[in-house]
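Structural features, examined
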Amino acid sequence: MSYVEGSHHVTLSVGRAQEDVDFHVKILGLRFIKRTVLFDGTLPIYHLYYSNANGDPSSVVTTFPWAQAGFFGKRGTNQAREVLLSIPHDSMNYWHQRLTEHDVEVTNIERFGQRRLAFRHPSGIEYVFVGNTGDERVGHTGYGVPQEHAIHGIHGIGIHVATPDRMVEFANESFFAKDRLAEEGDVAALQIGNQKHGNYLELTVNRTDDQGTWGYGAGTYHHFAWNASTLENQDDVKFQIEGRGYTDISELKDRKYFKSVYVRTPGGALFELAVTHSEGGWTCDESPQELGTRFQLPEQFEDRREEIFARLEPISI
Ligand SMILES: [Fe+2]
């Protein structure tokens, strides 16, 4: 029987590369695990990967810094919006203080009876820290973040939709969601897969914003990847989605570290079904200790290495 295990990674279109590194590594304390480029198209754009201590699927945030190419996007409805990250339940005060000290404006919000912290990536993308107990994914202790407060990984994805019913139906039928765990005002929470953490889908009814950008554009969420676990299961899930009429689903793409298909959901957000296969994984081209230290290119770009590197802005970690 086909299934979705939980989350795999989040991919964002951000502004400048260095400000993105500074935000994720130096402020959030995430681990920088991979420095490569966008595999699609011809424009040289970095693809940067950040994770918790172990690079677990469900802990990875990846970014394309599009400002260099002059691609800017618009946040809106019918689009993925919030990056929900899981922190220890008792770490709200620590993070409130740390973000404030780094000149990141942070707001206390309450959702489903729990305190959360809302703040923004430098490109404007909305981040939310959600407190969890019993989340065993090990956080990375970068730039002075103590283990007891380090970020566990992804909590989930926030999507804004004008009409939620089709998206709920899609999540239930094609992604095996547990229907509406909680509802509060215009927000409904669902959970996809059997894992305890990292797999929440929060839908906000938003009929006031314009349609958000679907393509690449700095300042917008690009897609959310779910963990399809095995290539065989990924294929099964893909054919079920197609069989329900969602034919806007891609062929299998080799992302070196994992293999993926992409589907445009009826809520507008782009979903990916990713599988870390036996020849992939973060350690297929660097040792676990060296992750993120060398500039990695897929084979098809190797003969352009010097030209590509010269066209990318230098970054320091
Ligand atoms: Fe992805």
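Before reading further, recall that the structure is shown in the block above.
My aim in this report is to walk through the structure given alongside it, one point at a time. Predicted model, so just to flag it, every value in this text is computed and none were measured. (Residues numbered from 1 in each chain as written. Predicted model: local features only at pLDDT ≥ 70, side-chain atom pairs only at ≥ 80, totals over all residues. Heavy atoms only, no water.)

**Some words on the packing of aromatic side chains**
Summed over the entire model, instances satisfying the criterion amount to 22 aromatic pairs. With a centroid separation of 4.6 Å and an interplanar angle of 10 degrees, the aromatic rings of Trp-66 and Phe-71 are classed as stacked. Residue classification places Phe-71 among the partly exposed positions, given a relative accessible area of 32%. Note on Phe-119 and Tyr-127: the rings are 5.8 Å apart at their centroids and 40 degrees apart in plane angle, and the pair reads as tilted. Taken individually, Phe-119 and Tyr-127 each receive the classification buried, so the pair is uniform in this respect. Linked through ring pairs, Phe-23, Tyr-94, Trp-95, Phe-119, Tyr-127 and Phe-129 together constitute an aromatic cluster. (Phe/Tyr/Trp six-rings, centres within 6.5 Å; stacked < 30°, edge-to-face > 60°. Buried < 20%, exposed > 50% of the residue type's maximum accessible area, 1.4 Å probe, protein only.)

**With respect to unusual backbone geometry**
Its identity as a non-glycine residue notwithstanding, Ser-58 has a phi of 85 degrees, on the positive side. Assignment of secondary structure puts Ser-58 in the loop between strand S3 (46–51) and strand S4 (60–65). Phi at Asn-78 takes a positive value of approximately 55 degrees, unusual for a residue other than glycine. Relative to the assigned elements, Asn-78 resides in the loop between S4 and strand S5 (79–88). (Helix = DSSP H or I, 4+ residues; strand = E, 2+ residues; numbered from the N terminus.)

**Observations regarding the coordination of the iron ion**
The iron ion binds to the protein through His-9 (NE2), His-223 (NE2) and Glu-272 (OE); the donor distances cover 2.0 to 2.1 Å. One chain supplies every donor to the iron ion, and in sequence these donors are spaced H-x213-H-x48-E. One end of the pair, His-223, is in strand S13 (residues 220–227); the other, Glu-272, is in strand S16 (residues 270–275), and 49 residues separate them in sequence. When sorted by exposure, His-223 lands in the same class as Glu-272, which is buried. (Donors = N, O, S within 2.8 Å, 3.2 Å for Na, K, Ca; no water.)

**Things to note about the pattern of salt bridges**
Taken as a whole and judged by the stated rule, the model has 20 salt bridges. The partner of Arg-244 in a salt bridge is Glu-173, with the nearest N and O atoms 3.3 Å apart. With Arg-244 in the loop between helix H4 (231–243) and strand S14 (253–254) and Glu-173 in helix H3 (residues 164–175), this residue pair connects regions lying 71 residues apart in the sequence. Owing to a relative accessible area of 45%, Arg-244 belongs among the partly exposed residues under this scheme. For Glu-173, a relative accessible area of 37% puts it in the partly exposed group. Where Glu-307 meets Arg-311, a salt bridge forms, and the shortest distance between an N and an O atom there is 3.0 Å. With Glu-307 and Arg-311 both in helix H5 (residues 305–311) and four residues apart, this pair spans about one turn of that helix. With relative accessibility at 46%, the residue Arg-311 sits in the partly exposed group. Connected via shared salt-bridge partners are Lys-34, Lys-256, Asp-285 and Glu-286. (Salt bridge = Lys/Arg side-chain N within 4 Å of Asp/Glu carboxyl O.)

**Topic: the environment of Ala-228**
Along the chain, the position of Ala-228 falls in the loop between S13 and H4. Remark: the alpha-carbon pair of Ala-228 and Ala-274, spanning 46 residues in sequence, is separated by 5.6 Å. With sequence-adjacent residues up to four places away left out, Ala-228 is seen in contact with Asn-233, Gln-234, Leu-273, Ala-274 and Val-275. (Contact = heavy atoms within 4.5 Å.)

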